[in-house]
Amino acid sequence: MKHFLKETDFQPSELDTLFGLAREFKSNRGHHATPLAGQTWAMIFSKSSTRTRVSFEVGIHELGGNPMFLNRNDIQLGRGETIADTARVLSRFVHGLVVRTFDHAEVQQLADMGAIPVINALTDLLHPCQIFSDAFTLAERWGRGGDLVGSLRGRKIAFIGDRGCNVANSWILGANLLGMKISLAGPPGFDAAPEFDQLLVREGFSGGYEFTTDAAEAVRNADVVYTDVWVSMGKEEETAERIRVMSPFQVTPALMAAAKPDALFMHCLPAHAGQEVTQEVLDGPRSIIFDQAENRLHMQKAILATLAQQRGP
Ligand code: CP
Ligand code: NVA
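The structure presented is a predicted model; accordingly, all values stated were derived computationally and were not measured. (Residues numbered from 1 in each chain as written. Chains lettered and ligands numbered in written order. Predicted model: local features only at pLDDT ≥ 70, side-chain atom pairs only at ≥ 80, totals over all residues. Heavy atoms only, no water.)

## Focus on the sheet that holds strand β1 (residues 40-45)
Applicable threshold: Two strands qualify as a pair provided DSSP detects at least 2 bridges between them. Comment: elements are numbered from the N terminus, with helices defined as DSSP H or I runs of at least four residues and strands as E runs of at least two. Convention adopted: a line fitted to C-alpha atoms gives each axis, helices being fitted over their contacting stretch, and angles between N-to-C directions are expressed from 0 to 180 degrees. We call two residues in contact whenever any of their non-hydrogen atoms come within 4.5 Å of each other.
The strand order β2-β1-β3-β4 describes an open sheet built from 4 strands, whose pairing is parallel. On the outer flanks of this sheet lie β2 (66-71) and β4 (118-120), each paired with one strand and no other. Taking each pair of neighbouring strands and ignoring which way they run, the sheet shows an average axis angle of 20°. Sheet topology places β1 next to β2; 6 bridges connect them, and they run parallel. Its bridge partner lying in β2, Phe-45 is registered against Asn-71. Packed on one face of the sheet, helix α12 (residues 289-307) meets β1 and β4 and runs near 155° to β4.

## What to know about the site of ligand 2
Quick note on the threshold: We define proximity as follows: a residue is near a molecule or strand when any one of its heavy atoms falls within 4 Å of that partner. Between N or O atoms, a polar contact is any pair within 3.5 Å; within protein, one atom must be a potential hydrogen donor and the other a potential acceptor, and residues adjacent in sequence are included only when both atoms are from side chains. For the area figures, the Shrake-Rupley method with a 1.4 Å probe applies, and any residue is considered shielded solely by the protein chains shown.
In the vicinity of ligand 2, the residues found are Leu-122, Asn-166, Asp-228, Val-229, Ser-232, Met-233 and Leu-269. Between ligand 2 and the protein, one listed contact pairs a nitrogen atom with a side-chain N or O atom of Ser-232 at 2.7 Å. Met-233 is positioned such that a nitrogen or oxygen atom in its backbone is 2.8 Å from an oxygen atom of ligand 2. In isolation ligand 2 exposes 270 Å². Once the protein is present, 94% of that is buried.

## Some points on the site of ligand 1
Put simply, the rule is: Residue type decides the class: Asp, Glu, Lys and Arg count as charged, Ala, Val, Leu, Ile, Met, Phe, Trp, Tyr, Cys and Pro as nonpolar, and the leftover types, Gly among them, as polar.
Around ligand 1, the surrounding shell consists of Ser-49, Thr-50, Arg-51, Thr-52, Arg-100, His-127, Gln-130, Cys-268, Leu-269 and Arg-296. The contact in question runs from an oxygen atom of ligand 1 to an N or O atom on the side chain of Arg-51, over 2.8 Å. In the model, a nitrogen atom of ligand 1 is placed 2.9 Å from a nitrogen or oxygen of the Cys-268 main chain. Considered on its own, ligand 1 offers 260 Å² of accessible surface; in the complex 95% of this is hidden by protein. Classifying every residue of the shell around ligand 1 by side-chain character gives 2 nonpolar, 5 polar and 3 charged.

## Quick notes on the pairing of strand β8 (residues 224-227)
Note the threshold: Only protein chains enter the area calculation, which uses a 1.4 Å probe; residues under 20% of their type maximum are buried, those over 50% are exposed, and those in between are partly exposed.
Across the two faces of β8 the burial is the same, with Val-224 and Tyr-226 and Val-225 and Thr-227 all buried. Inspection of the sheet shows strand β5 (residues 156-160) paired to β8 by 4 bridges, in the parallel sense. Paired with Phe-159 across the strands is Tyr-226, a residue of β8. Strand direction decides the pairing type here: β8 and strand β9 (residues 264-267), joined by 4 bridges, are parallel. Across the sheet, Val-225 pairs through a bridge with Phe-265, a residue of β9.

## As for the packing of aromatic side chains
Test applied: Any two rings among Phe, Tyr and Trp, with Trp reduced to its six-membered ring, count as a pair given centres within 6.5 Å; such a pair is stacked if its planes are under 30 degrees apart, edge-to-face if over 60, and tilted if neither. Note on criteria: charge over ring means Lys NZ or Arg CZ within 6 Å of the ring centre, with the direction from the centre no more than 35 degrees off the ring normal.
Under the defined criterion, the tally for this structure stands at 8 aromatic pairs. Taken together, Phe-4, Phe-10, Phe-19, Phe-132 and Phe-136 form an aromatic cluster joined through their ring pairs. Residue placement shows Lys-2 over the ring face of Phe-10; its charged tip is 4.3 Å from the ring centre. Across from the ring centre of Phe-211, 4.1 Å away, lies the NZ or CZ of Arg-163, which sits over that ring.

## Re unusual backbone geometry
For the bond running from Leu-269 to Pro-270, omega is 5°, close enough to zero to count as cis. Turning to its location among the elements, Pro-270 is positioned in the loop between β9 and α11 (279-282). The phi dihedral of Leu-269 falls on the positive side, at around 70°, and the residue is not glycine. For Leu-269, the position within the fold is in the loop between β9 and α11. Classification of Leu-269 by relative accessible area gives buried; the value is 13%.

Following this line, the structure appears as structure tokens:
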């Protein structure tokens, strides 16, 4: 059973097809095939969401399927029913799961114990749907209608701020998978969890990134400057300390000027203008944040269509 829990659940050889499918869904929106016809996909969310929830609900519908949104606290999982039993029961009813939660082990267990494909819609460890959509956003610009995935090879992304967060981790995996270079800058002490380092080693990507505490050094020769919130969901108690230590890592027009002259600015959103990035950069000519947001829909439809080819209940 193929799942999408991390970027490397797709082999490099599968990426051209996946990215091509996203381009096809984007250019033929409303007129393409409906590979989820007759299927219901449950979406179990334990955290807030705007983009991920809406793009998956719209995407499943546009592919002919029925999305079923389940807030964790509205189902028995929120009252202590086990992940294993939830996976086995839902496998009897629905054709796939889209899951947003805290502990990455939960999405792994749902995948291991169920009989249907599971898509990671964000855990504390990884956010792979975001990174594949972002990579597609870059490939659309750089591939110019030709080789999408190949256009990413050798490009450099600089991630500034909370370098231990899910989006940073996922970009490290994604950059290595896609043949991109990645340099991260952030304060010491906010490193990736040991769990992520172990994952990198298992995937053969140990040492596949540069880390510095100097933001200007990270963005040198970068094609993309990327940031994310300083206080991810679940870290709210650390807000004051995080703002204090991360404030030297704000993406400003001056920092953008230290990257390549045509460097793009990206942010997964939601943004906190005045913290990780200035309003001027968010609204500036190099910002492609809303293309990123839109492409969540098209790339996730490509992922859904790929996983839906498998046997359902
Ligand atoms: N970027 C992202 O995943 O946004 P949401 O939290 O709104 O889904
Ligand atoms: N790192 C952020 C991403 C939100 C899409 C968080 O986990 O809250």
